[in-house]
Amino acid sequence: MEAKLVMFKADGRKREFLLPSSAVIGRETACRIRIPLSAVSRRHCLVALDNGRWAVQDLRSTNGTFVNHERVTRAWLQPGDILTVGPVHFVVVIDGMPEIIQPIRSVLLDAGPAADRAEPAAGAEPAREEAKPRPMPRPQPQPRPEVGEIPDAGGSSNLFP
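On a predicted model such as this, the values are computed, not experimentally measured, just so you know. (Residues numbered from 1 in each chain as written. Predicted model: local features only at pLDDT ≥ 70, side-chain atom pairs only at ≥ 80, totals over all residues. Heavy atoms only, no water.)

Colleague: Please explain the overall build of the protein as it appears in this structure.
Modeller: Each helix and strand in the protein was counted, giving two helices and eleven strands. In the protein, the order of α-helices and β-strands from amino to carboxyl end is β-β-β-β-β-β-β-β-β-β-β-α-α. A buried classification covers 37% of the 161 residues belonging to the protein. Of the contacts formed within the protein by residues at least 6 apart in sequence, a portion of 43% connects residues at least 24 apart. Carbon and sulfur atoms provide 50% of the accessible area of the protein, an area that totals close to 10500 Å². (Helix = DSSP H or I, 4+ residues; strand = E, 2+ residues; numbered from the N terminus. Buried < 20%, exposed > 50% of the residue type's maximum accessible area, 1.4 Å probe, protein only. Contact = heavy atoms within 4.5 Å. Areas by Shrake-Rupley, 256 points an atom, 1.4 Å probe, with all protein chains shown as cover.)

Colleague: What should I look at first to understand the state of the cysteines in this one?
Modeller: Think of a disulfide as a covalent bridge from one cysteine sulfur atom to another cysteine sulfur atom. Applying the stated criterion to the full structure yields zero disulfides. No disulfide involves Cys-31; its sulfur sits 9.0 Å from that of Cys-45, the nearest cysteine. Assessed through its relative accessible area of 8%, Cys-31 is described here as buried. (Disulfide = S-S within 2.5 Å.)

Colleague: Mind showing me how you'd approach the nonpolar core here?
Modeller: Most often, soluble globular proteins have nonpolar side chains that are buried together. Among the nonpolar cores identified, the biggest contains 24 residues, and Leu-5, Ile-25, Val-56, Leu-83 and Phe-90 are the most heavily contacted of them. When contributions to this core are tallied by element, the ones reaching two or more residues are strand 1 (3-8), strand 3 (22-26), strand 5 (45-50), strand 6 (53-58), strand 10 (82-85) and strand 11 (88-94). Among the elements that take part in this core, strand 11 stands out by supplying four residues, more than any other. Among all residues touching Leu-5, those that are not within four sequence positions of it are Arg-15, Glu-16, Phe-17, Leu-19, Ile-25, Ile-33, Leu-83, Phe-90, Val-91 and Val-92. Grouped together as the second largest cluster of nonpolar side chains are seven residues, Val-6, Val-91, Val-93 and Ile-101 included. (Core = buried A, V, L, I, M, F, W, Y, C linked by side-chain atoms within 4.5 Å.)

Colleague: I would appreciate a short explanation of the packing of aromatic side chains in the present structure.
Modeller: Describing an aromatic ring pair means giving the distance of the ring centres and the angle of the ring planes. Enumeration according to the criterion identifies one aromatic pair in this entry. Relative to Phe-90, the ring of Phe-17 lies with its centre 5.9 Å away and its plane at 80 degrees, an arrangement referred to as edge-to-face. With a gap of 73 residues between them, Phe-17 in strand 2 (residues 14-18) and Phe-90 in strand 11 connect regions that are remote in the sequence. The burial state of Phe-17 is the same as that of Phe-90; both residues are buried. Sitting above the plane of the Trp-76 ring, Arg-53 keeps its charged end 4.0 Å from the centroid. (Phe/Tyr/Trp six-rings, centres within 6.5 Å; stacked < 30°, edge-to-face > 60°. Lys NZ or Arg CZ within 6 Å of the ring centre and 35° of its normal.)

Colleague: Got a minute to help me understand the pairing of strand 5 in this structure?
Modeller: Looking along a regular strand, one sees the side chains alternate between the two faces of the sheet. Counting buried residues along strand 5, five of its six residues qualify, which places the element largely inside the surrounding structure. Here four bridges tie strand 3 to strand 5, and the two strands are oriented antiparallel to one another. Within strand 5, the position partnered with Val-24 by the bridge is Leu-46. Of the pairings in the sheet, the one linking strand 5 to strand 6 comprises six bridges and is antiparallel in character. If you follow Cys-45 over to strand 6, its bridge partner there is Asp-58. Linking strand 5 to strand 6, which pair antiparallel, is a turn of two residues; within it Asn-51 sits at a positive phi near 50 degrees. (Pairing = 2+ DSSP bridges.)

Colleague: Any chance you could explain the sheet that holds strand 9 (residues 74-76) here in plain terms?
Modeller: Backbone hydrogen bonds are what pair the strands of a sheet, in a parallel or an antiparallel way. If you walk across this open sheet you meet the five strands as 4-3-5-6-9, and the pairing is mixed. This sheet does not close on itself; its edge strands, each paired only once, are strand 4 (33-34) and strand 9.

Right under this line is the structure:
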């Protein structure tokens, strides 16, 4: 079962990260997917294949891990889900699905020059008022569950017994 995370850069280019059976996402140089931003914890979350399904587990990150804009401690991932780590949004692609991926509007995209040049699609009515990006809601503190040893690589991670 092949999976990858797809993110779009501010200039509109996309970057794909092929997932091994497990990968830690974080700011630390040892992470499989490194995001060198202060809003991302050193070891932010783990994405792993567990008994034939992809899952994400937050690794006690400061700012939380989100799936489809909801904060999660652990969650199953489906094709097309949006995984958010700090200010970075990834689209989850599993076995080639979804086939077509649209750029996700985010703080990074809104601040980039590509957002300033965006034009409405042919035949679309012009917007009456430009939408302004809304700030992300501040996550409410939640009790942190005890987490045992988390595998960095190798077979099933047994995230979900």
